[in-house]
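Listed below, chain by chain, are the residues.
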Amino acid sequence: MAFLKNPKFWSMLALVASLACIAAMLATLSSFRSGSGTLSFGEAGQQLRTLVQVGVGVSILALVSLVISRKDKMSLIISSIAALIILIPVVGAIALNPDQINPPAAPAGPPQAATAGMAAPGGAPAGAGRTPPLNDISTDTQDPPLFSAVAPLRPESSNTLEYPANGPEIQQQLFPDIAPIISELDAGAAFDRAVAVAEKKRWEIVAQDPSTGIIEAVSTTMFFGFKDDVVIRVRPSGSGSIVDIRSHSRVGRGDRGKNAERVRGFIEDF
């Protein structure tokens, strides 16, 4: 058992474990993002959560090997490489919340009502931190902007583009603060600003038509590569304009508030 006291053994073990864990993460992401169908939405989420947990253990192993290898230069270098390889993606995955890949379970009963305009404890908007059984958020729930140009880009397995019948009720209960933008800018200037905000957010603009006031774009998440569709509508209102935005997830029954977050971000930047 003398090899257990050898720093080279621990440093190489940490390096191999780090490389294996990262390879497994990349394989899972590649399988899910390719749309090959080998992994379902929920299965990919479960695998990634498990691999992140394993990665935490491997990170501890790498840090322990650093301590053991402090008197052996080569082992110390190998341990440092192992720690960097595993710590960076694991910390990044935790920060980006891999749980978001899992579709939340359907609600057991009707959602609890929230008082419009009231803030949740701690000052967060009502609905913050909850998982809405909704993957389609619009500033106008009675006449939501319609998707057109993005439709051909969506995989066959994507969610329907029809706005859900219970969307207005659920959104009002969970995100009562989301409402149309009433702008003093005329429709032309508001349209230009909406395009600029979309570009600033690095959304892929699929179509923009000043004559109809419609902008369609695709927003891709950083870690998992989810593609969510966005449509912006600018309409004249007196000397000003009304700007609406709708954000819709291609996959999953719920979105853990991501679409509401995207809509709020656009409103704030506009």
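1. Considerations on the overall build of the protein
Stage number 1. Secondary structure assignment for the protein yields six helices and six strands.
Stage number 2. Across the 270 residues of the protein, 43% fall into the buried class.
Stage number 3. Contacts in the protein between residues at least 24 apart in sequence constitute 69% of all its contacts with a sequence separation of at least 6.

2. Thoughts on the pairing of strand E4 (residues 214-220)
Stage number 1. Extensive coverage of E4 is indicated by the burial of six of its seven residues.
Stage number 2. Inspection of the sheet shows strand E3 (residues 204-209) paired to E4 by five bridges, in the antiparallel sense. Looking across to E4, one finds that Ile205 is bridged to Ala217.
Stage number 3. Linking two consecutive strands that pair antiparallel, namely E3 and E4, is a turn of four residues; a positive phi of about 75 degrees is found at Gly213 within it.
Stage number 4. In the sheet, E4 pairs with strand E5 (residues 227-237) via seven bridges, with the strands oriented antiparallel. Within the sheet, the bridge partner assigned to Glu216 lies in E5 and is Val231.

3. As for unusual backbone geometry
Backbone phi values are negative for most residues with the exception of glycine, while trans is the configuration of most peptide bonds.
Stage number 1. Located in the positive-phi region is Arg202, a residue other than glycine, with phi close to 65 degrees.
Stage number 2. Within the element layout of this structure, Arg202 appears in the loop between helix H5 (187-200) and E3.
Stage number 3. For Arg202, a relative accessible area of 78% gives the class exposed.

4. Some points on helix H4 (residues 167-174)
Stage number 1. Counting buried positions along H4 gives six out of eight residues, so the element sits mostly inside the fold.
Stage number 2. For H4, the complete set of buried residues consists of Gly167, Pro168, Ile170, Gln171, Gln173 and Leu174.
Stage number 3. Looking at the buried positions of H4, the neighbouring elements they touch are strand E1 (136-138).

5. Regarding the confidence of the model for the protein
Stage number 1. In this model, the protein carries a mean pLDDT of 80, and residues with pLDDT of at least 70 account for 76%.
Stage number 2. Confidence drops under a pLDDT of 50 for residues 98-132, and excluding neighbours within four residues, the segment shows 66 contacts in the predicted structure.

6. Comments concerning the packing of aromatic side chains
Stage number 1. Going through the model one piece at a time under the given rule, you end up with three aromatic pairs.
Stage number 2. Consider the rings of Trp203 and Phe266, whose centres lie 6.1 Å apart with planes at 20 degrees: the pair is stacked. In this pair, Trp203 sits in the loop between H5 and E3 while Phe266 sits in helix H6 (residues 258-269), placing the two residues 63 residues apart along the sequence. Exposure class is identical for Trp203 and Phe266. Each is buried.
Stage number 3. Their ring planes at 35 degrees and their centres at 6.0 Å tell us that Phe266 and Phe270 sit as a pair that is tilted.

7. Notes on the nonpolar core
Stage number 1. Of all hydrophobic cores here, the largest spans 25 residues; its most connected members are Trp203, Ile232, Val243, Phe266 and Phe270.
Stage number 2. Within the residue set of this core, elements represented by two or more residues are H4, H5, E4, E5, strand E6 (240-249) and H6.
Stage number 3. The greatest single-element share of this core, amounting to six residues, is contributed by H5.
Stage number 4. The contact partners of Phe266, leaving out residues within four places of it in the chain, are Ile181, Ala194, Val197, Lys201, Trp203, Ile232, Val243 and Ile245.
Stage number 5. Core analysis: the second largest hydrophobic core is formed by eight residues, Ile22, Met25, Ile86 and Val90 among them.

8. What to know about the environment of Pro144
Stage number 1. Structurally, the position occupied by Pro144 is in the loop between E1 and H4.
Stage number 2. In this structure Pro144 comes out as buried when scored by relative accessible area, which is 11%.
Stage number 3. C-alpha separation for the pair Pro144 and Val231, spaced 87 residues apart in sequence, amounts to 9.4 Å.
Stage number 4. When neighbours within four sequence positions are excluded, Pro144 is seen to be in contact with Ser138, Tyr163, Arg233 and Arg246.

9. Some points on the environment of Pro89
Stage number 1. Secondary-structure assignment places Pro89 in helix H3 (residues 73-95).
Stage number 2. On the basis of relative accessibility, which here comes to 25%, the residue Pro89 falls in the partly exposed class.
Stage number 3. Along the backbone, Pro89 and Ile22 are 67 residues apart, and their C-alpha atoms lie at a distance of 7.9 Å.
Stage number 4. Those residues in contact with Pro89, other than ones at most four positions away along the chain, are Ile22 and Leu84.

10. Considering the pattern of salt bridges
Stage number 1. Under the defined criterion, the tally for this structure stands at 13 salt bridges.
Stage number 2. Residue Asp143 is joined to Arg233 by a salt bridge in which the shortest nitrogen-to-oxygen separation is 3.8 Å. Of this pair, Asp143 sits in the loop between E1 and H4 while Arg233 sits in strand E5, and the two are 90 residues apart along the sequence.
Stage number 3. Look at Asp143 and you get partly exposed, because its relative accessible area is 40%.
Stage number 4. The exposure class assigned to Arg233 is buried, which follows from its relative accessible area of 9%.
Stage number 5. We note a salt bridge from Asp244 to Arg233, for which the minimum N-O separation is 3.1 Å. In this pair, Asp244 is assigned in strand E6 and Arg233 in strand E5, connecting sequence segments 11 residues apart. By the burial criterion, Asp244 is buried, and Arg233 matches it.

Cut-offs used in this document
- Numbers given for residues are sequential positions, taken from 1 along each chain in its written order.
- The model is predicted, so local features are restricted to residues of pLDDT at least 70 and side-chain atom pairs to those at 80 or more, both for listing and for counting; the totals for chains, interfaces and linings are taken over all residues.
- Side-chain metrics in this entry use all non-hydrogen atoms of the structure; hydrogen atoms and water are not considered.
- Strands are runs of DSSP state E lasting at least two residues, helices are runs of H or I lasting at least four, and both sets are numbered from the N terminus onward.
- Relative accessibility thresholds used throughout: buried, under 20% of the residue-type maximum; exposed, over 50%; partly exposed, between the two (1.4 Å probe, protein chains only).
- The contact criterion used throughout is that any non-hydrogen atoms of two residues lie within 4.5 Å.
- Here, any two strands with at least 2 DSSP bridges between them count as paired.
- Values of pLDDT, ranging from 0 to 100, describe the predictor's confidence in every residue of the model.
- Centres within 6.5 Å make a pair out of two Phe, Tyr or Trp rings, where for Trp the six-membered ring is used; the pair is then stacked when the planes are under 30 degrees apart, edge-to-face when over 60, and tilted otherwise.
- What we call a nonpolar core is a set of buried Ala, Val, Leu, Ile, Met, Phe, Trp, Tyr and Cys residues that are connected through their side-chain atoms within 4.5 Å.
- Any Lys or Arg side-chain nitrogen found within 4 Å of a carboxyl oxygen on Asp or Glu counts as a salt bridge.

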